[in-house]
Amino acid sequence: MATRRITTQEKTHLDQDEIKQGAKSNISPAVPGSVIAKLLGFTFAMITLPIGSYFVTVNNLFGGNATYAGALAAFMANVVLIGYVIVAFLDDKGDREAEEVEKKKSR
């Protein structure tokens, strides 16, 4: 047979309760709220900035030339992406510096 039956009556690790009685569970979010806010802001910018720049410039700036307006929209998407990467690096750098300060204080 491909499967093996358990012959003993003891509980397996799947049957046992994962949470011990009386222990409080950690319900805090794994990601800070500021990180989620930044992500949502850049998501909104990634959606609206390229599309908005396309429709604003296709008739007003480029006189109906959709190629130039599309190139500008692609450029604006790259600007938003590079901005997000820079903000993420700066945020991570701040976290690392805070950890180093805490290590120095604990010594």
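All values reported here derive from a predicted model rather than from experimental measurement.

(A) Summary view of the overall build of the protein chain. The number of helices and strands found in the protein chain is two helices and zero strands. Counting every atom, the protein chain has about 9,600 Å² of accessible surface; 61% of that belongs to carbon and sulfur.

(B) Main features of helix 1 (residues 33–60). With 28 residues, helix 1 ought to run about 40 Å at 1.5 Å a step, and its terminal C-alpha atoms sit 39 Å apart, in line with that. All of the buried residues along helix 1 are P50, S53, T57 and V58. In this structure, the buried side of helix 1 is in contact with helix 2 (66–106).

(C) Spotlight on the packing of helix 1 against helix 2. The geometry of helix 1 relative to helix 2 is characterised by a closest axis approach of 8 Å and an angle of 165° between their N-to-C directions. Classified by the interaxial angle, the pair formed by helix 1 and helix 2 is roughly antiparallel. Classified by chirality, the crossing of helix 2 by helix 1 is right-handed. Its residues assigned to classes, the contact of helix 1 with helix 2 comprises 19 nonpolar, four polar and two charged.

Rules and cut-offs
Residues numbered from 1 in each chain as written. Predicted model: local features only at pLDDT ≥ 70, side-chain atom pairs only at ≥ 80, totals over all residues. Heavy atoms only, no water. Helix = DSSP H or I, 4+ residues; strand = E, 2+ residues; numbered from the N terminus. Areas by Shrake-Rupley, 256 points an atom, 1.4 Å probe, with all protein chains shown as cover. Expected span 1.5 Å × (residues − 1). Buried < 20%, exposed > 50% of the residue type's maximum accessible area, 1.4 Å probe, protein only. Contact = heavy atoms within 4.5 Å. Axes fitted to C-alpha atoms, helices over the stretch in contact; angles between N-to-C directions. Parallel < 35°, antiparallel > 145°, perpendicular 65-115°, else oblique. Left-handed = near helix turned anticlockwise from the far one by under 90°. Nonpolar A, V, L, I, M, F, W, Y, C, P; charged D, E, K, R; others polar.

These figures capture arrangement, not role.
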